[in-house]
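Observations on the three-dimensional arrangement
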Amino acid sequence: MTEETTEENEIVRRMKHLIGKNVLESEVPRPRRIFILINKKVFTKTVRYLTKKMEFSHVSTITGADVGKEIEVIYHLNRGGTIELSLKIRVEKDKPVLPTITDLIPGATLYEREVHDILGVIFEGHPDLSPIILPEAWPSDVYPLRKEWTIKKIQKKVTKGGKR
Amino acid sequence: MSYPTIRIPFGPQHPFHIEPEYFMFEVDGERVVGVKPRIGYVHRGIEKALEDRTFIQNLYLIERICGICSHAHTTCYTQAIEEILGAEIPPRARFIRTIIAELERIHNHYLWLGLAAHEIGFDTLFMYSWRDREIVMDLLELVSGNRVHYAMNTIGGVRRDITPEIVEKIRKGLDALEERMRYYKKIAMTEPTISKRTAGIGILKPKDAIALCAVGPTLRASGIKRDVRADDPYIAYDEIPFNVITYDGCDVISRLFVRCDEVFESVNIIRYAMHHLPEGKIRIKVPKRVPEGEAVSRVEAPRGELIHYAKTNGTTKPERYKARSPTLGNIPSLCKMLVGGYIADIPIVIAGIDPCFSCTDRMAFVNVNNNKQWILSGEELRRYAIKWYRKE
């Protein structure tokens, strides 16, 4: 096992030490990549710990994915340009609310707005969640990257059956 | 006595880029006191479209995310899919990908130098650098058959080989490109026209650069040594020696020097890669069906860190695919740079992060007091800036 692999495993070990059973899944598929699924209730504590204590100060981006009944929000956090930690949190589709991380990492502003636009996740405490990608006139209940909104269905709703 | 501030909308129309931006500026006299960005005006829904197409079809769609960094995007995409497939591409393919990636970087930086020179009214440099940019475009055409959208990458390797004759031609082209860039760097260092418009303009302090998650040359010009090629090596970068260029001026001229020096590094990388080009196959056959899995793929595109996230479900189509291009990562930092600067510096500061801006930008000035409004195109704003500086 290389030295780098131990570093990633060490990070996972420290995370498990911090939040115990709230680490639901963890994986180190290759050097410099970590995937961790955590419980939503320890989210703020974990992000604070990662950014303040473990130097994961760069957020590469935030991905939102529809995983059935829930929405998976993935924070791609980076340490020193090398290790990319993908921190996953699942929120219910009916009530997709997460606290913002912009107070810890101001660079996450646009990424959170993007996830809000395309999947309807509300980031509590975000200074401005106005549309960043979708037009102002976009219907408020259409979240284009949710699986129930197929391309045909969106076209029908947004362009009123193909007619503008 | 305080005067009310004036709001100025900037943008949005950009026929050729994924991310055309719109900015609402708040100005107090000549000073910018607030900026609010808005993107998405030609959002093409690529992420949704990717979920509806096969992995091979997606290769073509990914190529078209950006016209300039098309190779960076496909490299990022193919290595994500290859990682999930567990496919190891042949060494020759890795080296060819590296050569194209660095030619693309040289192309981008020459293009940027011309655009930046144009923004500050130094059109001679603009013409010269775009003339020399043709050298690298010809090389790319020679290798790939295309001037842009090289279509060299495929899942499992590359589509075309580099023959010894092509290597010889690239070598000659590189000599010319290196010599010309040396000349431009000398001009940038000695010409007062450039230093007056770029030195001390668009300041981004290192602590802000980190907090706002800046990427690429913008970050490196603030003195932070971070480059995906060195920190998280992919394709052949772990086998090729090169330096990560940093400058600590934190201003536009530092961003210019970073890009000039990166061209020299790219030239050396290509020379090394061509000298050590391994023999063998250029691609392997991979299955059409990709097993369930996920991957995060990172590439140092000419403009900075590019990150893709892929999630597959065992079919021939991805479950979720996310791409974040470097310009989006640099917008928060750009807003920081603009605040406190002059209106006349807006064009060069925006050009400083290299955001794929077209000159069709239009800008409306609204006087809040009497609602009087007039519209300036990007071109008129550029002229305004030149005139404003001439008065001084």
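The notes below deal with the structure included here. Worth saying up front: this structure is predicted, and the values here are computed from it rather than measured. (Residues numbered from 1 in each chain as written. Chains lettered and ligands numbered in written order. Predicted model: local features only at pLDDT ≥ 70, side-chain atom pairs only at ≥ 80, totals over all residues.)

**Some details on the interface of chain B and chain A**
Facing the 29 residues of chain B at the interface are 28 residues of chain A. For the side of chain B that touches chain A, the elements supplying multiple residues, two or more each, are α1 (46-50), α8 (206-211), α10 (228-231), β6 (293-301), β7 (304-312), β8 (318-324) and α12 (326-338) of chain B. Considering each element in turn, the side of chain B that touches chain A owes the most residues, four residues, to β7(B). Residues of the side of chain B that touches chain A, tallied by class, amount to twelve nonpolar, three polar and 14 charged. (Contact = placed C-beta atoms within 7 Å. Helix = DSSP H or I, 4+ residues; strand = E, 2+ residues; numbered from the N terminus. Nonpolar A, V, L, I, M, F, W, Y, C, P; charged D, E, K, R; others polar.)

**Focus: the packing of helix α2 (residues 55-63) of chain B against helix α3 (residues 70-85) of chain B**
Residue and element names in this part refer to chain B. The contact between α2 and α3 brings their axes to 8 Å, and the two run at 155°. If you check the angle between α2 and α3, you find them roughly antiparallel. Remark: the crossing between α2 and α3 carries right-handed chirality. Where α2 abuts α3, its residues F55, L59, I62 and E63 lie against S70, H73, T74, Y77 and I81. (Axes fitted to C-alpha atoms, helices over the stretch in contact; angles between N-to-C directions. Parallel < 35°, antiparallel > 145°, perpendicular 65-115°, else oblique. Left-handed = near helix turned anticlockwise from the far one by under 90°.)

**With respect to the sheet that holds strand β3 (residues 58-66) of chain A**
All names here are of chain A. An order of β1-β2-β5-β4-β3 is seen for the five strands of this open sheet, with the pairing classed as mixed. Two strands in the sheet have a free side with no partner beyond their single neighbour: β1 (23-30) and β3. Sheet twist, expressed as the average angle between the axes of neighbouring strands with direction ignored, equals 20°. In terms of strand pairing, β1 meets strand β2 (residues 33-38) through five bridges, oriented antiparallel. Within the sheet, the bridge partner assigned to E25 lies in β2 and is L37. Contacting β3 and β4 (70-79), helix α3 (residues 109-119) crosses the sheet at an angle of about 10° to β3. (Pairing = 2+ DSSP bridges.)

**Some points on the nonpolar core**
Core analysis: the biggest nonpolar cluster contains 142 residues, and V73(A), I99(B), A116(B) and I270(B) have the highest contact counts within it. It is helix α4 (residues 91-119) of chain B that provides the largest number of residues to this core, a total of 14 residues. Counting only domains with at least three residues in this core, you end up with domain 1 (6-42 + 357-391) and domain 2 (46-193 + 275-324) of chain B. Sequence-distant contacts of I270(B), that is, excluding residues within four places in its chain, are made with I99(B), E102(B), L103(B), I170(B) and L174(B). (Core = buried A, V, L, I, M, F, W, Y, C linked by C-beta atoms within 7 Å. Buried ≥ 20, exposed ≤ 12 C-beta atoms within 10 Å, placed from the backbone. Domains from an automatic or database assignment.)

As far as function goes, none of this settles anything; it's purely spatial.
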